[in-house]
Amino acid sequence: MATPIPPPPAAAAAAAADTKVDYLNLPCPIPFEELHREAMMSLKPDLFEGMRFDFTKMLNQKFSLNHSVLMGPTEVPSQSTETIKIPTAHYEFGSTFIDHPRLLLWGRILTDGRLNARVKCDLSENLTFKANAQLTNEPHMSHAMINFDYKGKDYRTQFQLGNGALLGASYIQSVTQHLSLGGEVFWAGQHRKSGIGYAARYNTDKSVATGQVASTGMVLLSYVQKVSEKVSLASEFMCNYLSRDVTASFGYDYILRQCRLRGKIDSNGCVAAFLEERLNMGLNFILSAELDHRKKDYKFGFGLTVGE
Amino acid sequence: MFMRKPDKAAAQKQLKSHAAMFGAWVVVIRVTPYVLHFLSTKKEELKLDL
């Protein structure tokens, strides 16, 4: 009994279809402010000096409280080139309310009276409202900023308003499956300064390359390559062509089953490493080290995080 | 010493220039996918002629 010939595999057709780009159905890019997200994750971990203890308690599905203690030296500004530090201790109380995915309320207050607050609210399916504020007892030192983010089919646009007559707008859009182009414009009314910036981002499954330039003189290039499932290598080039400051950084991000190790070295003679290890469910151990050989400033920190 | 504030008229002129450049750049980005789509479609048509 003759059987019919099985149909040809669809993989070839799918592969052929993949090569043709549908320019009218492009993906939505990531937000403009997160353009260098992968590089920031590897090259700018949350380094600290001294002892840090974080305790998070979930009261229910949406509401949680946070207690943080940080004890260690704090750098004070000085006229000389030498680094001057004084021992300090901070206690920070925080609360977080997350009504996923529409509403996020986040607040932190320190013992010296400084308050940080953040709000994120989805006004509609495509429009998001964000606000953040830093309030302090010192006069004229408080700041606030509000954002309106609009997400289109293949673009994102954002408007910003801040105190001090600060205005900003940004736009980013996909032009191919892997390439996004963006721009921003800003106005600081208090200083009567305006600026414009351009950005580009090219990302594949294994690598991300980004570039950004602004009329303030800032040039920022970054490249992140995923070497394997566990290892990512990152590099960044930052310069200001008005003040002639140049910095090149190289870093790695090593993710293992129980821990994550990140490190970097840059052209200013600064070497840093950051280790997060999960000792148990809800218990994390943190080691932080930063050696600035040029300034002779060496920082070492350790911490514990309790609760997820 | 404090930095002198730029003249108000000059600052506003610069702001308008930056806003115009930003708007032009947004228009260019917006048009690019349609141009690429047109070019790819045209190329396909040429293939059909073969």
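Because the structure is predicted, anything quoted here is derived from the model rather than measured. (Residues numbered from 1 in each chain as written. Chains lettered and ligands numbered in written order. Predicted model: local features only at pLDDT ≥ 70, side-chain atom pairs only at ≥ 80, totals over all residues. Heavy atoms only, no water.)

## Thoughts on the overall build of chain B
Quick reminder of the rule: Helix and strand definitions follow DSSP, with helices as H or I runs of at least four residues and strands as E runs of at least two, each counted in order from the N terminus. Each residue gets one of three labels from its accessible area relative to the maximum for its type: buried under 20%, exposed over 50%, partly exposed in between, using a 1.4 Å probe on protein chains only. Here the open area of atoms and residues is found with the Shrake-Rupley method and a 1.4 Å probe, where only the protein chains shown may cover a residue.
The number of helices and strands found in chain B is one helix and zero strands. Of all 50 residues assigned to chain B, the portion counted as buried reaches 12%. As displayed, chain B has an accessible area near 4,400 Å², and 67% of this comes from carbon and sulfur atoms.

## Details of the environment of R192(A)
With respect to the element layout, R192(A) can be found in the loop between β10 (179–188) and β11 (193–203). Judged by its relative accessible area of 27%, R192(A) falls in the partly exposed class.

## Here's the deal with the interface of chain A and chain B
To keep it simple, the criterion reads: Note on contacts: a residue pair qualifies if any of its non-hydrogen atoms lie within 4.5 Å across the two residues. Reported buried area values correspond to the accessible surface (1.4 Å probe) lost by two parts on association, with both partners' losses combined. The salt bridge definition used is simple: a Lys or Arg side-chain nitrogen within 4 Å of an Asp or Glu carboxyl oxygen. In protein, a polar contact means a hydrogen-donor-capable atom and an acceptor-capable atom, both N or O and within 3.5 Å, with residues adjacent in sequence counting only if both atoms are side-chain atoms; elsewhere, any N or O pair within 3.5 Å suffices.
Listed by partner, the interface residues are 28 residues for chain A and 23 residues for chain B. For the chain A and chain B pair, buried surface summed over both sides reaches about 2,200 Å², with 69% attributable to carbon and sulfur atoms. For the chain A face of the interface with chain B, the top three residues by lost area are Y23(A), Y171(A) and R192(A), together amounting to 27%. There are one salt bridge connecting chain A and chain B. Between R30(B) and D154(A) there is a salt bridge, and its shortest N-O distance comes to 3.2 Å. Inspection of the region where chain A meets chain B yields eight residue pairs in polar contact (both at pLDDT 80 or more). Elements represented by at least two residues in the side of chain A that touches chain B include exactly β9 (166–174), β10 and β11 of chain A. Among the elements that take part in the side of chain A that touches chain B, β10(A) stands out by supplying six residues, more than any other.

## Quick notes on the UniProt feature "transmembrane region" (unreviewed entry) in chain B
As a reminder, the rule being used: UniProt positions are given in the numbering used here, feature names are shortened, and annotations may be inferred rather than shown by experiment.
Under the feature "transmembrane region" (unreviewed entry), the UniProt entry names residues 20–40 of chain B. For residues 20–40 of chain B, helix accounts for 100% and strand for 0%, while the C-alpha atoms at its two ends are 30 Å apart.

## Re a nonpolar patch on the surface
For clarity, the cut-off: Only residues whose relative accessible area exceeds 30% and that form no salt bridge enter a patch; like-charged residues are grouped when within 9 Å of one another, and nonpolar side chains (Val, Leu, Ile, Met, Phe, Trp, Tyr) when within 5 Å.
On the surface, a nonpolar cluster with roughly 490 Å² of combined accessible area is contributed by V227(A), L233(A), Y252(A), Y254(A), L256(A) and L261(A). Along the chain, L233(A) falls in strand β14 (residues 231–240).

## So, the confidence of the model for chain A
Selection criterion: Within a predicted model, pLDDT stands for the predictor's per-residue confidence, ranging from 0 to 100.
This prediction gives chain A a mean pLDDT of 91; 94% of its residues lie at or above 70. Low pLDDT, under 50, characterises residues 10–17 of chain A; the predicted model gives this stretch zero contacts beyond four residues in sequence or across chains.

## Thoughts on the environment of F55(A)
Assignment of secondary structure puts F55(A) in strand β1 (residues 50–58). Excluding anything up to four places from it in sequence, F55(A) contacts L65(A), N66(A), H67(A) and V306(A).

## Re the side chain of D54(A)
Residues and elements named next belong to chain A. With respect to the secondary-structure elements, D54 resides in strand β1. At 3.3 Å, the side chain of D54 forms a polar contact with the side chain of R52. Each residue touching D54, except ones within four places of it in the same chain, is listed here: H67, S68, L304, T305 and V306.

## A word on the pattern of salt bridges
Residue and element names in this part refer to chain A. Applying the stated criterion to the full structure yields 16 salt bridges over all chains. Two residues, K264 and D266, come together in a salt bridge whose shortest N-O distance is 3.7 Å. We classify D266 as buried; its relative accessible area is 11%. Through salt bridges with shared partners, a single ionic network connects E34, R37, E38 and R201.

## Some thoughts on the nonpolar core
Formally: Definition of nonpolar core: a set of buried residues of the types Ala, Val, Leu, Ile, Met, Phe, Trp, Tyr and Cys, connected through side-chain atoms within 4.5 Å.
Core analysis: the largest hydrophobic core is formed by nine residues, namely A169(A), Y171(A), V175(A), L181(A), V185(A), I196(A), F22(B), V26(B) and I29(B). Mapped by element, the contributors of at least two residues to this core are β9 and β10 of chain A together with α1 (8–49) of chain B. When residues of this core are assigned to their parent elements, the largest contribution, three residues, is made by α1(B). When near neighbours in sequence (up to four residues on either side) are disregarded, I29(B) contacts Y171(A), Q173(A), V175(A), L181(A) and G182(A).

## A few points about the packing of aromatic side chains
To be explicit about the condition: Centres within 6.5 Å are what make two rings of Phe, Tyr or Trp a pair, Trp counting through its six-membered ring; a difference in plane orientation under 30 degrees is then read as stacked, over 60 as edge-to-face, and the rest as tilted. Only lysine NZ and arginine CZ atoms are considered, and such an atom sits over a ring when it is within 6 Å of the ring centre and within 35 degrees of the ring normal.
Taken as a whole and assessed by the stated rule, the structure comprises four aromatic pairs over all chains. Pairing Y155(A) with Y171(A) gives two aromatic rings, centres 5.6 Å apart and planes at 25°, and the pair type is stacked. Highlighted residues: Y155(A) in strand β8 (residues 155–162) and Y171(A) in strand β9, separated in sequence by 16 residues. Classification of Y171(A) by relative accessible area gives buried; the value is 7%. Look at Y198(A) and W25(B): their rings are 5.5 Å apart centre to centre, the planes differ by 90°, and that puts the pair in the edge-to-face class. With one member in each of two chains, Y198(A) in strand β11 and W25(B) in helix α1 form a pair that bridges those chains. By relative accessible area, which is 27% here, Y198(A) ends up partly exposed. Its end group placed over the ring of F48(A), R52(A) keeps NZ or CZ at 4.7 Å from the ring centre. One cation-aromatic arrangement involves R118(A) over W106(A); the distance from NZ or CZ to the ring centre is 4.1 Å.

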